[in-house]
Amino acid sequence: MAAVAAAAHVGKGRRQFVGLMWTKAFSVSCRHRHKKKWAATRPRISSTRLALQNFDMNYSVQFESLWPSIRISLLSEQKYGALFNNFSDIQQITQDLECLNSVDFIWESQKAVQVLNSAAGQQAIESAVSTGTLAVPAESQAQPLPCLSTLISPNIKCYTFPKGDISLFPPARPDTLGILGYYLLDAASVLPVLALNVQPGDLVLDLCAAPGGKMLALLQTGCCRELAANDVSISRTGRLNRVLHSYIPPNVCDVVRITSWDGRKWGELEANTYDRVLVDVPCTNDRHSVMEEDNNIFKNMRKGERQMLPMLQLELLIAGILAAKPGGEVVYSTCSLSQLQNECVVERAVELLNLQYNIDVHVEDLSIFRRLFQDTFSFFPNCRFGELVLPHLTSNFGPMYFCKLRRVG
């Protein structure tokens, strides 16, 4: 009996030992499993960091030695301009803005044109006098800059602080009629509207109008017989309505038609209709992408959307050109530095319109904008098509790409 009892005790101890080892093994196994789960749910790299890594990889090749300066500017506080509202108390708002030591950069450019042309004319006269002849050969005459009124949309005023001045505009206050005096925006975003060169009586389409700054600038011209302001997002068209009623009197609002259609279909909905079309497409929004996590296109869940951006941009540009009349003008714009979203989209659109629709499109030369506005913005000198405003610490606007196309047939 003693032997049996001893054997039972040994067996019990062995079972306890095996059970203990199994428990330990199981707990270790579980612990490892949980570690794997924890590792899978750890916070991933932030969207802003991912955007910056992407830009470092691509833009360092595209811009070479310019990229470090652009990079630090993107990561620094953005500079704003004040788009003047011609429907407000003009005298009071002008006084308020000038008291801040800000200037209308468009008017300042007009004055610069007059000074340069006057100097060129004086130089030609002095040359004629020194050579003893009043006739100056055409090839030796200095080429005057054309009058701004023949190049850009009229009546638009945008106040900015001088280069190097990082002052901020205070929020606009409503006047006695409840109309706000100015709209704060990146001053470079006015350039596509200026390039569109809207003329009196034009039918105008703003294909991707939200959040509304460019729509507001188009209305300042006083030239739109009708302005179709579209955005595919219903919530964003709500923003358009709020901007419209905060800045524009009811009688002027009547010329605006706000819609929420898929812009890619516009060429089918209203083909050959508009004198001027603005196609300010969705893009990577480079400055926002490196500064803000909210609504950032570099979030992992938006990877597919980001990869399809050039295709979406191409479809929108083609739709915009199809919506223009023969002879009509279209401006394509983005707030991205990406060549893939800028020149490549323009180039491909011109090719496809010729191949698929037998429509010829001419890309207009906008290099005059560099000369006109070089005291306000920093321009990239090597765009194949269009113009690109680069962020720069002394003038931290942009990025803003814009290219003008004329539909020939």
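Residues numbered from 1 in each chain as written. Predicted model: local features only at pLDDT ≥ 70, side-chain atom pairs only at ≥ 80, totals over all residues. Heavy atoms only, no water.

Remarks on the environment of E77
- In this fold, E77 is placed in the loop between helix 3 (67–74) and strand 1 (81–84).
- What makes E77 exposed here is its relative accessible area of 60%.
- Along the primary structure E77 and F397 are separated by 320 residues, whereas in three dimensions their C-alpha atoms are 9.7 Å apart.
- Excluding its chain neighbours within four sequence positions, the residues that come into contact with E77 are L168 and N396. (Helix = DSSP H or I, 4+ residues; strand = E, 2+ residues; numbered from the N terminus. Buried < 20%, exposed > 50% of the residue type's maximum accessible area, 1.4 Å probe, protein only. Contact = heavy atoms within 4.5 Å.)

Here's the deal with the pairing of strand 1
- Neither face of strand 1 is exposed, since G81 and L83 on one face and A82 and F84 on the opposite face are all buried.
- Two elements, strand 1 and strand 4 (residues 182–185), share 4 bridges in a ladder whose sense is antiparallel. Of the residues in strand 4, the one forming a bridge with G81 is L185.
- When strand 1 meets strand 3 (residues 158–160), the two strands line up antiparallel, connected through 2 bridges. Of the residues in strand 3, the one forming a bridge with A82 is Y159. (Pairing = 2+ DSSP bridges.)

Concerning helix 2 (residues 47–63)
- Its 17 residues place the ends of helix 2 23 Å apart at the C-alpha level, agreeing with the 24 Å of an ideal helix rising 1.5 Å per residue.
- Of all the bends found along helix 2, the most pronounced is centred on D56 and spans about 30°.
- Those residues of helix 2 that fall on the buried side of the exposure criterion are S47, T48, A51, L52, F55, Y59 and F63.
- The elements touched by buried residues of helix 2 are helix 3, helix 11 (286–291) and strand 12 (387–390).
- Just beyond helix 2, the residue with positive phi is E64, at close to 50°. (Expected span 1.5 Å × (residues − 1). Bend = angle between axes of the 7 residues up to and from the residue.)

Quick word on the nonpolar core
- Ranked by size, the top nonpolar core spans 52 residues in total, and within it L191, L194, F369, F373 and F377 carry the most contacts.
- In this view, F373 contacts F105, I106, S109, L191, L194 and F379; residues no more than four positions away in its chain are not counted.
- Counting 47 residues, the second largest nonpolar core, distinct from the first, contains L74, L207, L316 and C403. (Core = buried A, V, L, I, M, F, W, Y, C linked by side-chain atoms within 4.5 Å.)

Observations concerning the environment of L168
- Relative to the elements of secondary structure, L168 occurs in the loop between strand 3 and strand 4.
- On the basis of relative accessible area, L168 is assigned to the exposed category, the value being 56%.
- Spatially, the C-alpha atom of L168 lies 10.0 Å from that of Q78, the residues being 90 residues apart in sequence.
- Beyond its immediate chain neighbours, meaning those up to four positions away, L168 contacts E77 and F161.

This is a description of form; function is not addressed.
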